[in-house]
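# Chains, contacts and geometry: an overview
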Amino acid sequence: KMEELRLSDHFPKRPKQCRKYADEFFQCFNEKGEQPPEGDKDAGRKALKECSSLMKKYDDCMIKLLKNKPQRLIRVHEEYRAKKE
């Protein structure tokens, strides 16, 4: 069975380095995923399938960008930290 297509955690971020790919994918996903008047619970899945090549370009760009960008770590206050026993 083929793995089900899913939106990535970085969706719907649109940094300038990936804007071209983001805009192409978002436009496709918006058009293909539009709900018909009678509704369609699978509209989103169908849209992802039809736009999968554009989603891959967007994801590849975002992954490359995020890989080169250090993640900002936030230190929480002492009272919110897990207690070591």
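Residues numbered from 1 in each chain as written. Predicted model: local features only at pLDDT ≥ 70, side-chain atom pairs only at ≥ 80, totals over all residues. Heavy atoms only, no water.

### Points about the nonpolar core
Counting 10 residues, the largest nonpolar core is built from Cys18, Ala22, Phe25, Cys28, Leu48, Cys51, Met55, Tyr58, Cys61 and Met62. For this core, the element with the most residues is helix α3 (residues 52–68), which contributes 4 residues. (Core = buried A, V, L, I, M, F, W, Y, C linked by side-chain atoms within 4.5 Å. Buried < 20%, exposed > 50% of the residue type's maximum accessible area, 1.4 Å probe, protein only. Helix = DSSP H or I, 4+ residues; strand = E, 2+ residues; numbered from the N terminus.)

### Points about the packing of helix α1 (residues 19–32) against α3
Relative orientation of the contacting elements α1 and α3 amounts to 145°, with a least axis distance of 8 Å. Relative to α3, α1 is oriented so that their crossing is left-handed. Contacts between α1 and α3 involve Tyr21, Ala22, Glu24, Phe25, Phe26 and Cys28 on the former and, on the latter, Leu54, Met55, Lys57, Tyr58 and Cys61. Considering only residue class, the contact of α1 with α3 consists of 9 nonpolar, no polar and 2 charged. (Axes fitted to C-alpha atoms, helices over the stretch in contact; angles between N-to-C directions. Left-handed = near helix turned anticlockwise from the far one by under 90°. Contact = heavy atoms within 4.5 Å. Nonpolar A, V, L, I, M, F, W, Y, C, P; charged D, E, K, R; others polar.)

### Section: unusual backbone geometry
Cis geometry is adopted by the peptide bond preceding Pro12, which originates at Phe11 and carries an omega value of 5°. With respect to the helices and strands, the residue Pro12 is situated in the segment before α1.

### A short note on the environment of Glu24
Of note, Glu24 is situated in helix α1. Linking Glu24 and Tyr58, residues 34 residues apart in sequence, is a C-alpha distance of 8.5 Å.

### Here we look at the packing of aromatic side chains
Inspection of every chain in the model, using the stated rule, returns 7 aromatic pairs. Taking 5.4 Å as the distance between ring centres and 90° as the angle between the ring planes, the aromatic pair formed by Phe11 and Phe26 counts as edge-to-face. On the criterion of sequence distance, the pair formed by Phe11 in the segment before α1 and Phe26 in helix α1 is long-range, its members being 15 residues apart. On the accessibility criterion, Phe11 (26% relative accessible area) is partly exposed. Cluster of aromatic residues (ring-pair linked, three or more members): Phe11, Phe25, Phe26, Phe29 and Tyr58. (Phe/Tyr/Trp six-rings, centres within 6.5 Å; stacked < 30°, edge-to-face > 60°.)

### What about the pattern of salt bridges?
All told, the structure shown has 7 salt bridges when counted by the stated rule. Measuring nitrogen to oxygen at the nearest pair gives 2.9 Å for the salt bridge that ties Asp40 to Lys46. Classification of Lys46 by relative accessible area gives partly exposed; the value is 44%. Across the pair Asp60 and Lys56 runs a salt bridge, and its minimum N-O distance is 2.8 Å. Taken together, the residues span about one helical turn, with Asp60 and Lys56 both in helix α3 at a distance of 4 residues. Owing to a relative accessible area of 39%, Asp60 belongs among the partly exposed residues under this scheme. Salt bridges sharing common partners tie together Lys41, Asp42 and Arg45. (Salt bridge = Lys/Arg side-chain N within 4 Å of Asp/Glu carboxyl O.)

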